[in-house]
Amino acid sequence: MHLPARRRPEFEQARTYEYPTHLRAAIDDLPAAPGVYVFHGQEGDLPLYIGKSINLRQRVLSHLRNVDEARLLRQTLRISHIRTAGEMGALLLEASLIKQQQPLLNQKLRRNRQLCSLRMVDGKPEVVYSKDLNFATEPQLYGLFASRHAAQESLRSLADQHKLCYGALGLEKLPPGRACFRAMLKQCAGVCCGDESPEAHRTRLFTSLDGLRVACWPYPGAIGLVERHETLVQIHVIRNWCYLGSVSDVTQAPALDRVATAFDADGYKVLCKPLLTGKAEMVLL
């Protein structure tokens, strides 16, 4: 009979769960309202974990009852929280705090990504970087990617879906006058061998890219995004898709208005739909 390999002691320990009675006091102060919560370990250390919810009390309770989070719960000595007036405020504040405080267990949002996008140059898409261009104001950008490889893979996927030519897209080099291998398999419509006109290929390329278009910041300056929850009102100050902070009174908002140092993909993903569809309450600053 096959016997499983002995687990390392620290792995066995991580699987051991005990209800964290030492954190009961932290639960008493948690409201059933939107906001951000922080799991803290030793004083002076980086936070262990930062999360958000539209119901802080319910979400933190779910952590405390989760057997799979035994390691986090054993290391946590206290839990703090910050109220927000809505889900957007919680999402924006969470992303901002994770970037600032670098919590140990928020691996995804902690990563400092060098954002890439695709831009048409001389009829071909090329990879461009946020360190070189302001993605908030640069027109005709397509997609937000964490790496050059991810941008090229997305372009390759579009080519496969729409029978675009790898050679015409700059994804592979073709000998002059020769069809690409995918054309012989009928996976490319044949712009490389004259079966399709360059104009038709370009039209299908732009159509396929349209769903990835990055929206330019549509306002001349900063705006205040207003959220309300019961008696709490917050105005989230936004410029160029970047979250700059929140205030309770519109007269305080100009003090936060500044030009952000870089394009914020997390802010863009949270804000793009509500702002462009007109579903969010906002004021021009």
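Refer to the structure presented above.
For every chain, the first residue of the written sequence is number 1, and numbering continues from 1 along that sequence. The predicted nature of this model means local features are confined to residues of pLDDT at least 70 and side-chain atom pairs, given and counted, to a pLDDT of 80 or more, with totals for whole chains, interfaces and linings taken over all residues. Excluding hydrogens and water, the side-chain values take into account all heavy atoms of the structure.

A.B. asks: A description of the environment of Q100 should follow, citing residues and the corresponding values.
C.D. replies: For the purposes of this entry, the term helix denotes a DSSP run of H or I that reaches at least four residues, the term strand denotes a run of E that reaches at least two, and both are numbered from the N terminus. Residue position: Q100 is located in helix α5 (residues 87–101). Assessed through its relative accessible area of 58%, Q100 is described here as exposed. Distance from Q100 to L48, taken between C-alpha atoms, is 13 Å for residues 52 residues apart in sequence. We define a polar contact as two N or O atoms separated by no more than 3.5 Å, with the added condition that, inside protein, one atom must be a possible hydrogen donor and the other a possible acceptor, whereas residues neighbouring each other in sequence contribute only through side-chain atom pairs. For Q100, the side chain forms a polar contact with the side chain of S96, separated by 2.9 Å. Relative accessible area decides the class of each residue, using a 1.4 Å probe on protein chains only: under 20% of the type maximum gives buried, over 50% gives exposed, and in between gives partly exposed.

A.B. asks: Provide a residue-level description of the nonpolar core, including the pertinent values.
C.D. replies: Grouping buried Ala, Val, Leu, Ile, Met, Phe, Trp, Tyr and Cys residues that are joined through side-chain atoms within 4.5 Å yields what is termed a nonpolar core. Core analysis: the biggest nonpolar cluster contains 31 residues, and W241, F263 and L275 have the highest contact counts within it. Contributions of two or more residues to this core are made by β1 (35–40), α5, β7 (223–229) and α10 (265–276). Top element by residues in this core is α10. It accounts for six residues. Of all hydrophobic cores here, the second largest spans 16 residues; its members include C116, M120, Y166 and L171.

A.B. asks: Please set out the sheet that holds strand β8 (residues 232–239) residue by residue, giving values where relevant.
C.D. replies: For two strands to count as paired, DSSP must find a minimum of two bridges between them. Spatial strand order, β9-β8-β7-β10: four strands in an open sheet with antiparallel pairing. The open sheet has two free edges, formed respectively by β9 (242–247) and β10 (281–284), since each of these has just one partner strand. Here the average twist between neighbouring strands, direction ignored, is 30°. Of the strand pairs in this sheet, β7 and β8 are connected by seven bridges, and their pairing is antiparallel. Bridge pairing links E227 to Q234 in β8. The strands touched by α5 are β7, β8 and β9; relative to β7, the strand with the most contacts, the crossing angle is about 120°. Angles run from 0 to 180 degrees between N-to-C directions of axes, and those axes are lines fitted to C-alpha atoms, restricted for helices to the stretch in contact. The contact criterion used throughout is that any non-hydrogen atoms of two residues lie within 4.5 Å.

A.B. asks: I'd like to hear about helix α3 (residues 56–64), residue by residue, with values.
C.D. replies: Taken residue by residue, α3 has L56, V60, L61, H63 and L64 as its buried positions. Within α3, the buried residues cover an arc of 150° as seen down the axis, which keeps them to one side. Of the surrounding elements, those touching the buried residues of α3 are α2 (24–28), β1, β2 (49–53), α4 (70–75) and β3 (78–83). When we speak of the arc, we mean the arc of directions from the helix axis to the C-beta atoms.

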